[in-house]
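What follows is the residue order along each chain.
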Amino acid sequence: MRGITAGDLAAATENARWIIDVQRALGLPSEAGLQSMLIDQRWLLKSANLYYLGVHFPITVGFLAWAWRNHRSKFARVRNALIATTSAGLVIHVLYPLKPPRMMNGFVDTGALLGPDPYSLGISGGANQLAAMPSLHVGWALLIAIGAIWIGTSRAKWLALAHPVLTLFAVVLTANHFWVDAIAAAAIVIAAWHFTPTRRSRTSGRPSTASPPALDPCRTQSFTCTNPEVSATMTR
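So, here is what we can say about the structure in this document. Note that the structure is predicted; figures quoted are calculated from it, not measured.

### Concerning helix 2 (residues 9-26)
Then comes step 1: Over its 18 residues, helix 2 extends 26 Å from the first C-alpha to the last, a length consistent with the 26 Å expected when each residue adds 1.5 Å.
Then comes step 2: By the burial criterion, the buried members of helix 2 are A12, T13, N15, A16, I19 and Q23. Along the long axis of helix 2, the arc covered by the buried residues comes to 160°, so they all point the same way. With respect to the buried face of helix 2, the exposed residues turned more than 90 degrees away are A10, W18, R24 and A25.
Then comes step 3: Packed against the buried residues of helix 2 are helix 3 (31-38) and helix 10 (179-194).
Then comes step 4: A positive phi of about 80° marks G27, the residue just after helix 2.

Structure representation (structure tokens):
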């Protein structure tokens, strides 16, 4: 993916400017304005950096493992929705290169400012930095919340909504995504979830333990029964 869009900085910059204009026209709050309000809260900025870098993959893998282990019959829908969401996101990343806010003038790259910075650490060295639209961070977080609420049975399941809310706050405050990136991701997740079947389309593959139906040795009258016991019974 990186080789397809990383060199197209001109298009990515132009797309970012257009996104900023669209958000302004829609009356969405400015990401730069949010940063300016909280720029002195260094602990909050660093916490957002840590959440953005350290929570995304572990919580996703943990949730999938939990669903597969404890709710196998419902796992397929979550998995398929995740695959559909990610596939759609990767296609859009290629077709619509977009600079994140942190690469635009007027925004602060909080990762570079306070750390941890995944790019300076080499953790995201192979990542496509122009793949801001849609935000898969927000998409995966929202999908986890939807899946947890769908699977869960206790009131505690609603706590899962905290993850996409915190993720949205983190990606915007760290200037890794625009608001519209998150909105696009949410739309993709909702569509993927809606069009994913609610039940498994295949059997589990386990051999059946049911006994085959017993055959009547003389079930028709088109032949002579050769079983003496059955024949005797039939002539009585």
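### Overview of the nonpolar core
Within soluble globular proteins, side chains that are nonpolar tend to cluster in buried spots.
Then comes step 1: F63, V78, L143, I151 and W193 are the most contacted members of the largest nonpolar core, which totals 17 residues.
Then comes step 2: Among the elements of the structure, helix 5 (56-70), helix 6 (72-95), helix 8 (136-151) and helix 10 are those that each provide at least two residues to this core.
Then comes step 3: A total of eight residues in this core trace back to one element, the largest contributor, which is helix 8.
Then comes step 4: Contacts of V78, omitting those with residues within four sequence positions, involve F63, L64, L143, G147, W150, I151 and W193.
Then comes step 5: Listed in part, the 13 residues of the second largest apolar core include L38, A48, V138 and A170.

### Points about the packing of aromatic side chains
Then comes step 1: Tallied over the entire structure, the rule returns four aromatic pairs.
Then comes step 2: Between the aromatic rings of F63 and W66, the centroid separation amounts to 5.8 Å while the plane-to-plane angle is 35°, which identifies the pairing as tilted. Linking F63 with W66, this pair stays in helix 5, spanning three residues, or about one helical turn.
Then comes step 3: Aromatic pair W150 and W193: ring centres 5.2 Å apart, planes at 85°, arrangement edge-to-face. With W150 in helix 8 and W193 in helix 10, the pair connects residues that are 43 residues apart, well separated along the chain.

### Some details on the packing of helix 5 against helix 6
Then comes step 1: Viewed as axis vectors pointing N to C, helix 5 and helix 6 meet at an angle of 145°, and their least axial separation amounts to 6 Å. Where helix 5 abuts helix 6, its residues T60, F63, L64, A67, W68 and N70 lie against R72, F75, V78 and L82.

Conventions adopted
Residues numbered from 1 in each chain as written. Predicted model: local features only at pLDDT ≥ 70, side-chain atom pairs only at ≥ 80, totals over all residues. Heavy atoms only, no water. Helix = DSSP H or I, 4+ residues; strand = E, 2+ residues; numbered from the N terminus. Expected span 1.5 Å × (residues − 1). Buried < 20%, exposed > 50% of the residue type's maximum accessible area, 1.4 Å probe, protein only. Arc of directions from axis to C-beta. Contact = heavy atoms within 4.5 Å. Core = buried A, V, L, I, M, F, W, Y, C linked by side-chain atoms within 4.5 Å. Phe/Tyr/Trp six-rings, centres within 6.5 Å; stacked < 30°, edge-to-face > 60°. Axes fitted to C-alpha atoms, helices over the stretch in contact; angles between N-to-C directions.

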